[in-house]
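# Architecture at a glance
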Amino acid sequence: MNQINETASTYNGSATTEEKVGRGRRAKANKAEAAPVSESAASATHGVKTPHPSRVASDILNQHTQAKFVLFAISRADLVDKGPVMRGFIEVKTDESAAPVKVNVAAWLKIGRTSGTEYLSLKVGNNNPDDPEEYSVGPFYGRLFRQVEGARTRYFGFIEDAERTGQDENGQGMYETHWQIRITAKPALSNDQKTRYISGQVAPSVQQEEPVEESQLPF
């Protein structure tokens with residue numbers, strides 16, 4: 001797999017843009033096509049979430065979500081032009097007595113417009129096979145970066161719920177982020193030692209965690 005690396009400052013960006021504008025966020029069309037990655041991608045349309053008229057609301061994923069995150073490379077034989085290079089899921093435990101709910105994740109290989117480095121653009125959600133525009137969960141969007149330090153590889157990124165609110169005087173889209181959760185992961189190997197994949201967790205973003213009350217402080 002090609003090295004997916006990005007500076008920590010990019011982590012604080014949005015899945016819809018690389019800079020904020022007031023309360024909204026700018027978004028430009030990313031012209032970089034999804035290039036094949038070693039043993040890694042299928043087809044789906046992705047961009048900023050636009051609510052579908054008949055969409056069923058779901059709060060399975062929200063700013064408080066803590067869940068398992070997994071991505072697998074798509075085999076070369078199954079790669080599609082401009083399609084994702086990896087697919088996986090977020091496994092959410094909603095109730096101790098209930099089976100976990102899996103939310104689909106697709107990942108496209110992209111190149112940062114300002115940094116020139118690679119990252120994975122994520123689309124997260126469960127849609128209706130008979131009506132792809134109808135979602136029971138999502139769609140939500142995010143980014144995943146790879147950080148390599150010597151022999152150590154780690155992945156970090158985010159998933160967010162962002163909604164287009166309009167456009168600025170330059171015709172650029174403006175977006176409002178309702179919530180964001182962070183991703184931390186690392187390379188993993190299957191029990192049969194044959195499949196390499198990305199395994200980790202999603203959790204509330206640090207800036208969204210509840211502040212400590214003054215009464216709880218020792219000084």
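Preceding this paragraph is the structure being described.
Attention in this report is confined to the structure presented alongside it. (Residues numbered from 1 in each chain as written. Predicted model: local features only at pLDDT ≥ 70, side-chain atom pairs only at ≥ 80, totals over all residues. Heavy atoms only, no water.)

## What about the overall build of the chain?
The number of helices and strands found in the chain is one helix and 10 strands. Traced from its N-terminal end to its C-terminal end, the chain shows the element sequence α-β-β-β-β-β-β-β-β-β-β. Total accessible area on the chain is roughly 12500 Å²; 47% of this is exposed by carbon and sulfur atoms. (Helix = DSSP H or I, 4+ residues; strand = E, 2+ residues; numbered from the N terminus. Areas by Shrake-Rupley, 256 points an atom, 1.4 Å probe, with all protein chains shown as cover.)

## Some words on the sheet that holds strand β10 (residues 196–204)
Sheet architecture is closed into a barrel: eight strands sit in the order β3-β4-β5-β6-β7-β8-β9-β10, paired in antiparallel fashion. Ignoring which end each strand starts from, the neighbouring axes of this sheet average 30° apart. The pairing of strand β5 (residues 101–111) with strand β6 (residues 118–128) spans seven bridges and is antiparallel. Within β6, the residue paired with Ile111 across the bridge is Glu118. (Pairing = 2+ DSSP bridges. Axes fitted to C-alpha atoms, helices over the stretch in contact; angles between N-to-C directions.)

## Quick look at the environment of Gly125
By secondary structure assignment, the location of Gly125 is in strand β6. By relative accessible area, Gly125 is classed as buried at 11%. Between the C-alpha atoms of Gly125 and Val105, which are 20 residues apart in sequence, the distance is 6.7 Å. For Gly125, the residues in contact, after removing those within four places along its chain, are Val103, Asn104, Tyr135, Val137 and Gly138. (Buried < 20%, exposed > 50% of the residue type's maximum accessible area, 1.4 Å probe, protein only. Contact = heavy atoms within 4.5 Å.)

## Some remarks on the nonpolar core
Phe69, Leu71, Ile90, Leu120, Leu122, Leu144 and Ile159 are the most contacted members of the largest nonpolar core, which has 26 residues in total. At the level of secondary structure, the elements contributing two or more residues to this core comprise β3 (67–73), β4 (86–92), β5, β6, β7 (131–149), β8 (152–167), β9 (173–189) and β10. Not counting residues up to four positions away in its chain, the partners in contact with Ile159 are Ile90, Leu122, Val124, Phe140, Tyr141, Gly142, Trp179, Gln180, Ile181, Ile183 and Val202. (Core = buried A, V, L, I, M, F, W, Y, C linked by side-chain atoms within 4.5 Å.)

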